[in-house]
Amino acid sequence: MSEDWITFAMPKGRIFEEAAHLLRQAGYPLQEDFSAGRKLIVEAPEANMKFFLAKPMDVPTYVEHGVADIGVAGKDVLMEERRDVYEVLDLAISACHLAVAGLPHRRKGRIAPKIATKYPNIATQYFKEQGEQVEVIRLSGSIELAPLIGLAERIVDIVSTGKTLKENGLAELETIDHVTSRLIVNPVSYRMKDRQIDEIVQRLSVIVEEGRSRHEDHTG
Ligand SMILES: Nc1ncnc2c1ncn2[C@@H]1O[C@H](COP(=O)(O)OP(=O)(O)OP(=O)(O)O)[C@@H](O)[C@H]1O
Ligand SMILES: O=P(O)(O)OC[C@H]1O[C@H](OP(=O)(O)OP(=O)(O)O)[C@H](O)[C@@H]1O
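Keep in mind that this is a model prediction, so the values were computed, not measured. (Residues numbered from 1 in each chain as written. Chains lettered and ligands numbered in written order. Predicted model: local features only at pLDDT ≥ 70, side-chain atom pairs only at ≥ 80, totals over all residues. Heavy atoms only, no water.)

## Points about the sheet that holds strand S1 (residues 6-11)
Two orientations exist for strands paired in a sheet by backbone hydrogen bonds: parallel and antiparallel.
And then number 1: Pairing within the open sheet is mixed, and its six strands lie in the order S2-S3-S1-S4-S11-S5. Of all the strands in the sheet, just strand S2 (41-44) and strand S5 (86-90) have a single pairing partner and so form its edges. This sheet shows a mean twist of 25 degrees between the axes of neighbouring strands, independent of strand direction.
And then number 2: Note that S5 and strand S11 (residues 181-185) share four bridges and pair antiparallel. Opposite Tyr-86, over in S11, you have Val-185 as the bridge partner.
And then number 3: In this fold helix H1 (residues 14-25) packs onto S1, strand S3 (49-54), strand S4 (70-74) and S11, with an angle of close to 145 degrees to the strand it touches most, S1.
And then number 4: Contacting S1, S3, S4, S5 and S11, helix H8 (residues 194-219) crosses the sheet at an angle of about 35 degrees to S5. (Pairing = 2+ DSSP bridges. Helix = DSSP H or I, 4+ residues; strand = E, 2+ residues; numbered from the N terminus. Axes fitted to C-alpha atoms, helices over the stretch in contact; angles between N-to-C directions. Contact = heavy atoms within 4.5 Å.)

The following block contains the structure:
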């Protein structure tokens, strides 16, 4: 019996290489120079798989609509987008965290301070839970600029090394959540192609687990 094709949504950019490395370690023949060119779709007929490259924030959209059976997305993106997808495995790659930041030693002043962010849903929910009334302003990038230029009092953004905050004289004020990349699956695909998808999840979990054990051996 011939197997169904599996369509895999890969995030371009930062996460791509780490995710592609995991897939190759798990035995999936993702073309080595895929992300180097401008081509957005590659097929791996020997594995009955098709991979496409999407903007990281859009991966859950493709998976929710079922045009991708499976994909990789940051936890930040999943929290922001709240799409109807199954989150099946923590891939433990592209680790960073979501934080509130601002100018240090600045006293809370105005009512409903402005918060600049690429993550309006996360920011709105976080401040609601904190019981603080804020005005969320959506930006697309260079978020750290907002408090420096007077657009907002604080920001909600990703912090990884902390270099961007430091070089712009900002301080992390609160940590919202830790972020790693996750494997996500379309719920219908999981029912229709369960054996194939289970195998992908299984093979990737073995690689993730090996990575975790190696990391623990190194760090004690
Ligand atoms: N330092 C970091 N800054 C931003 N995202 C990071 C960082 N480290 C890991 N990540 C993860 O990578 C994802 C973003 O990847 P990337 O920066 O390539 O996409 P992007 O935000 O669409 O970029 P751009 O809009 O600049 O093209 C985030 O969703 C997050 O899970
Ligand atoms: O803690 P760090 O290691 O400095 O990383 C965090 C920075 O990286 C990301 O920006 P990105 O480089 O994606 O640029 P952007 O401003 O265009 O979003 C993020 O939005 C922070 O600005």
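## Observations concerning the pairing of strand S8 (residues 135-138)
And then number 1: For strand S7 (residues 114-117) and S8, the ladder comprises four bridges, and the chain directions are parallel. Among the inter-strand pairings, Thr-117 is bridged to a residue of S8, identified as Arg-138.

## Section: the site of ligand 1
And then number 1: Taken together, 15 residues are adjacent to ligand 1, and Arg-14, Lys-55, Asp-76, Lys-118 and Ser-160 come closest.
And then number 2: Contact distances for ligand 1 include 2.6 Å between an oxygen atom and a side-chain N or O atom of Asp-76.
And then number 3: For ligand 1, whose unbound accessible area comes to 620 Å², protein coverage reaches 72%.
And then number 4: When each cavity is represented as a set of grid points, ligand 1 is found to reside in the largest pocket.
And then number 5: For the shell around ligand 1, the secondary structure elements donating two or more residues are H1 and helix H3 (75-81).
And then number 6: Two domains share the shell around ligand 1, each providing at least three of its residues, namely domain 1 (6-94 + 180-219) and domain 2 (102-176). (Near = heavy atom within 4 Å. Polar contact = N/O pair within 3.5 Å; in protein donor to acceptor, adjacent residues only side chain to side chain. Areas by Shrake-Rupley, 256 points an atom, 1.4 Å probe, with all protein chains shown as cover. 1 Å grid on protein atoms, 1.4 Å probe; cavity = no way out; pocket = protein on both sides within 12 Å on 5 of 7 lines; lining within 4 Å. Sits in = over half its atoms within 2 Å of the grid points. Domains from an automatic or database assignment.)

Geometric values such as these leave the question of function open.
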